[in-house]
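Descriptive analysis of the structure
The primary structure of each chain is shown beneath.
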Amino acid sequence: MDEQIQQLLQALQAILNNNAPLSDRADEALNLFVFFVQWSAIILSALTGLYAARKHGMDFYGALVIGFITALGGGTIRDVLLGRYPVFWLAEPVYVVTVVVIALASLLVGSEAKRSKTVARVAQPVKQITDEQSTLYIIIDSLALGLWAYLGTIYALRLGTPPVAAPIMGVITASFGGVLRDVFFARVPQSFMPGQLYAVAAAAGAIVYVLLWELGVNDTVSFLACFSLTFIIRMASVKFNIQSG
């Protein structure tokens, strides 16, 4: 953990070092940016996994397992397919620690919520949209979807994956954590069933990112386009009940 933080500090120092070549500083900046995007995606995905596990009445261990596979499953499959070893959460254990900390925090909040009406009102999900999902859950899940679509695509492109195949990595990274979660719940994965747009939203964002990458557009702009489009399509499909089939 300390080694990981030290590497991040060294990367940040390299970015700020004016004597470093511009290309090196650009690479370090991109690596640092990707790290924080991935960290954010893991936090959001872990929250959705833990929420789903609690809705299914699982204990702490069950919730931890579901949070882990939801947050790290898609990226793991991506790394295996791309031949990136060790997989990202073994190379950077801070991600595993993050999931465990979030699981412990959710346990403490849940216990306190049972004793305090004030905390219960804060911890309770926002108004229900369906029987299983809340507004807050859908927003968090949609934010994570956009981040993962970007991450899967950029990793594929940086490893030389053909542009036509890179969006597939974006979709796998974005959706297969949820697929594995549903398998553990012993049900057909929701993203495989007709319903509101999910994988389609990730695919749209990933395709836009690849097109902008090929045009040489700034990576920050490309990221924002991929993330925003994925999020907007997903939320619009929920808001207006746009179905995939």
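Structure shown above.
Below is a summary of the structure that appears in this document. Every residue gets a number counted from 1 within its own chain, in the order that chain's sequence is written. Thresholds applied to this predicted model are a pLDDT of at least 70 for local features of residues and 80 or more for the giving and counting of side-chain atom pairs; totals over whole chains, interfaces and linings are not thresholded and use all residues. As a rule here, side-chain values come from all non-hydrogen atoms in the structure, and water together with hydrogens is ignored.

**Remarks on the overall build of the chain**
This is how it is decided: By the criteria applied, helices consist of DSSP H or I runs no shorter than four residues and strands consist of E runs no shorter than two, each listed in order from the N terminus. Should any heavy atoms of two residues lie within 4.5 Å, those residues are counted as being in contact. Working definition of accessibility: Shrake-Rupley area with a 1.4 Å probe, residue cover restricted to the visible protein chains.
Secondary structure summary: the chain contains ten helices and zero strands in total. Listing the helices and strands of the chain from first to last along the sequence gives α-α-α-α-α-α-α-α-α-α. Here the contacts in the chain between residues at least 6 apart in sequence split such that 71% fall between residues at least 24 apart. For the chain, the accessible surface area stands at approximately 12,600 Å², while carbon and sulfur atoms represent 66% of it.

**Describing the pattern of salt bridges**
Opposite charge on two side chains permits pairing when their charged atoms draw close. This is how the line gets drawn: Any carboxyl oxygen of Asp or Glu that lies within 4 Å of a side-chain nitrogen of Lys or Arg is treated as forming a salt bridge with it. Remark: exposure states derive from per-residue accessible area (1.4 Å probe, protein chains only) relative to the maximum for the residue type, with buried under 20%, exposed over 50%, and partly exposed in between.
Taken as a whole, this structure holds four salt bridges when the rule is applied. Note that Asp-182 and Arg-181 form a salt bridge whose closest N and O atoms lie 3.2 Å from each other. Arg-187 serves as the salt-bridge partner of Asp-182, at 2.9 Å between the closest nitrogen and oxygen. For Arg-187, a relative accessible area of 25% corresponds to the partly exposed category. The structure contains a network of salt bridges with shared partners spanning Arg-78, Asp-79 and Arg-84.

**Details of a nonpolar patch on the surface**
Quick reminder of the rule: Exposure above 30% relative accessible area and the absence of a salt bridge qualify a residue for a patch, where like charges join within 9 Å and nonpolar side chains (Val, Leu, Ile, Met, Phe, Trp, Tyr) within 5 Å.
A cluster of nonpolar side chains, Val-100, Leu-104 and Leu-107, forms an exposed patch at the surface whose accessible area comes to about 200 Å². In this fold, Leu-104 is placed in helix α5 (residues 94–115). Here Leu-104 falls in the partly exposed class, since its relative accessible area comes to 40%.

**Some points on empty space enclosed by the protein**
Where empty space is left becomes clear once a probe the size of a water molecule has been rolled over the atoms. Selection rule: Computed over the protein atoms alone on a 1 Å grid, cavities are sets of points where a 1.4 Å probe fits but cannot get out and pockets are open sets with protein on both sides within 12 Å along at least five of seven lines; a residue lines them when it has an atom within 4 Å of a point. Grid points are joined across faces, edges and corners, and a volume is the space filled by probe spheres set on the points. All amino acids are sorted into three groups, where Ala, Val, Leu, Ile, Met, Phe, Trp, Tyr, Cys and Pro are nonpolar, Asp, Glu, Lys and Arg are charged, and the leftover types, Gly among them, are polar.
On inspection of all chains with the given rule, the structure shows one cavity of 30 Å³ or more. Around the largest cavity, the lining comprises 14 residues; the ones closest to its centre are Ser-45, Thr-70, Asp-141, Ala-174 and Tyr-198. Of all elements in the fold, only α2 (22–55), α7 (135–158) and α8 (166–184) reach the threshold of two or more residues within the lining of the largest cavity. Tallying contributions element by element places α8 first for the lining of the largest cavity, with six residues. Across the lining of the largest cavity, the residue classes tally to five nonpolar, seven polar and two charged.

**Details of the packing of aromatic side chains**
Heads up, the condition is: Between 30 and 60 degrees the pair is tilted, below 30 it is stacked and above 60 it is edge-to-face, where a pair is any two Phe, Tyr or Trp rings, Trp via its six-membered ring, whose centres lie within 6.5 Å. Sitting over a ring, as applied to charges here, requires NZ of Lys or CZ of Arg to be within 6 Å of the ring centre and within 35 degrees of the ring normal.
For the structure shown, the criterion picks out 16 aromatic pairs. Taking the centre distance of 6.5 Å and the plane angle of 70° together, the rings of Phe-88 and Trp-148 count as edge-to-face. With Phe-88 in helix α4 (residues 88–91) and Trp-148 in helix α7, the pair connects residues that are 60 residues apart, well separated along the chain. For Trp-148, a relative accessible area of 3% translates into the label buried. For the ring pair Phe-176 and Phe-192, a centre distance of 6.4 Å and an interplane angle of 70° mean the geometry is edge-to-face. In this pair, Phe-176 sits in helix α8 while Phe-192 sits in the loop between α8 and α9 (199–214), placing the two residues 16 residues apart along the sequence. Since its relative accessible area comes to 25%, Phe-176 is described here as partly exposed. Directly above the aromatic system of Phe-88 lies the positively charged group of Arg-78, at a separation of 5.2 Å from the ring centroid. In this structure, Arg-84 packs its charged tip against the face of Tyr-155, placed 4.1 Å from the ring centre.

**Observations concerning the packing of helix α3 (residues 60–82) against α7**
For clarity, the threshold we go by: To define axes, lines are fitted to C-alpha atoms, for helices over the stretch in contact only, and angles between the resulting N-to-C directions are given on a 0 to 180 degree scale. Angles are sorted into four bins: roughly parallel if under 35 degrees, roughly antiparallel if over 145, roughly perpendicular if 65 to 115, and oblique for all others. For a crossing to be left-handed, the near helix must be turned anticlockwise from the far one by less than a right angle; the clockwise case is right-handed.
Remark: α3 packs on α7, axes separated minimally by 11 Å, with the N-to-C direction vectors making an angle of 15°. Viewed along their axes, α3 and α7 adopt a mutual orientation that is roughly parallel. Relative to α7, the crossing made by α3 is right-handed. Contacts between α3 and α7 pair Ala-71, Arg-78 and Leu-82 from the former with Trp-148, Leu-151, Gly-152, Tyr-155 and Ala-156 from the latter. A class-by-class count of the residues in the contact of α3 with α7 yields six nonpolar, one polar and one charged.

That is the geometry; function is a separate question.
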